[in-house]
Amino acid sequence: ILSHCIPGKYWMELQLKTMSRKKETTFSDYVIRIRPFHYLHLLDTNSNVVKVVCGPQKLTCLDHEKVILGPEKMVIVPPRHYVVVNNPVVMQPTENGEKQPLFDENNQVVLKHGDQEIRYSQDPFPLYPGEVLDGNIRAIQLVFPNQALRIEAQRDLVDYSGEKRRAGDQWLFIGPNTYHPVSGEIVLDTVRAIIMDESNGLKLRARYDCLDYEDIERKAGEEWIVRYLLQIVFL
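These numbers come from a predicted model, not from an experiment. (Residues numbered from 1 in each chain as written. Predicted model: local features only at pLDDT ≥ 70, side-chain atom pairs only at ≥ 80, totals over all residues. Heavy atoms only, no water.)

A. The overall build of the chain, seen in detail. Helix and strand content of the chain: two helices and 24 strands. Considering only residue pairs separated by 6 or more positions, the chain has 59% of its internal contacts joining residues 24 or more positions apart. Summing over all exposed atoms, the chain offers an accessible surface of approximately 16200 Å²; the carbon and sulfur share of this is 52%. (Helix = DSSP H or I, 4+ residues; strand = E, 2+ residues; numbered from the N terminus. Contact = heavy atoms within 4.5 Å. Areas by Shrake-Rupley, 256 points an atom, 1.4 Å probe, with all protein chains shown as cover.)

In structure tokens:
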């Protein structure tokens, strides 16, 4: 009905303007403005490789590229906090001492599938394709005086202090101190100190081969008496 009311010349001009607006709208969909501390995952449909693009920048997608995630805010870990990342990316050192992600022959990042990595306070970072956060950002645990954490290694590892631990090892992390967890170890429970005076004593038995609180070797089943004045003992 509208076409009968408008002369043919003006009708053609109106159609051209409408088409130009549609083209502008379509073109603007391929331009993405990424804000600072944000990132997105860009899929190359020709090679099926996903890459990470970080802001701030203005990204113009090509015909064979597609945004499959984002823009998302980078992960920000505040001081005295940490976050657990599943399937972390493999990092390799560069000539200037910094670390960068390792890429395979297809230019895809290499992941440690089935593994976990604990990341402490650092600059904001993106999650690479395949990386997943395990829960929320958590505060570092404080161990108060006369307390200790009983920790067990789930695999061979090097703890936060640099000491090597074998799978199945158990040890005490004695306070007051700040406990920095390491991937592969778990906290079994919290142990409270036993304070003895001159009228008290303890009879102890080793459940397995270990070192006691004085770093004396004890064999499984061995028993001994502790009789020190005002001695603090963790069991």
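B. Examining the nonpolar core more closely. Core analysis: the biggest nonpolar cluster contains eight residues, these being Tyr-39, Met-74, Val-75, Val-77, Val-83, Val-85, Phe-125 and Leu-127. Contact partners of Val-75, with chain neighbours within four places excluded, come to Pro-124, Phe-125, Leu-127 and Leu-133. (Core = buried A, V, L, I, M, F, W, Y, C linked by side-chain atoms within 4.5 Å. Buried < 20%, exposed > 50% of the residue type's maximum accessible area, 1.4 Å probe, protein only.)

C. Summary view of the confidence of the model for the chain. Predicted confidence across the chain gives a mean pLDDT of 82, with 84% of residues reaching 70 or more. Mean pLDDT values over the elements of the chain span from 45, in helix α1 (residues 2-5), up to 94, in strand β6 (residues 81-86). Counting contacts from residues 1-11, a segment whose pLDDT is below 50, to residues more than four positions away or on other chains yields four contacts. Per-residue pLDDT stays below 50 along residues 19-28; that stretch engages in zero contacts with residues further than four places along the chain or on separate chains. (pLDDT = per-residue confidence, 0-100.)

D. Just the sheet that holds strand β13 (residues 147-153), in detail. Reading across the sheet, the three strands line up as β16-β13-β18 and stay open at both edges, with antiparallel pairing between neighbours. Of all the strands in the sheet, the pair left with one neighbour each is β16 (170-174) and β18 (185-192). Between one strand axis and the next, the sheet turns by 30° as a mean value, whatever way the strands run. In the sheet, β13 pairs with β16 via five bridges, with the strands oriented antiparallel. Counterpart to Leu-149 in the pairing with β16 is Phe-173. (Pairing = 2+ DSSP bridges. Axes fitted to C-alpha atoms, helices over the stretch in contact; angles between N-to-C directions.)

E. Molecular detail of the side chain of Gln-108. On the secondary structure map, Gln-108 appears in the loop between β8 (99-101) and β9 (116-120). In this view, Gln-108 contacts Asn-48, Val-49, Val-50, Leu-102, Phe-103 and Pro-129; residues no more than four positions away in its chain are not counted.

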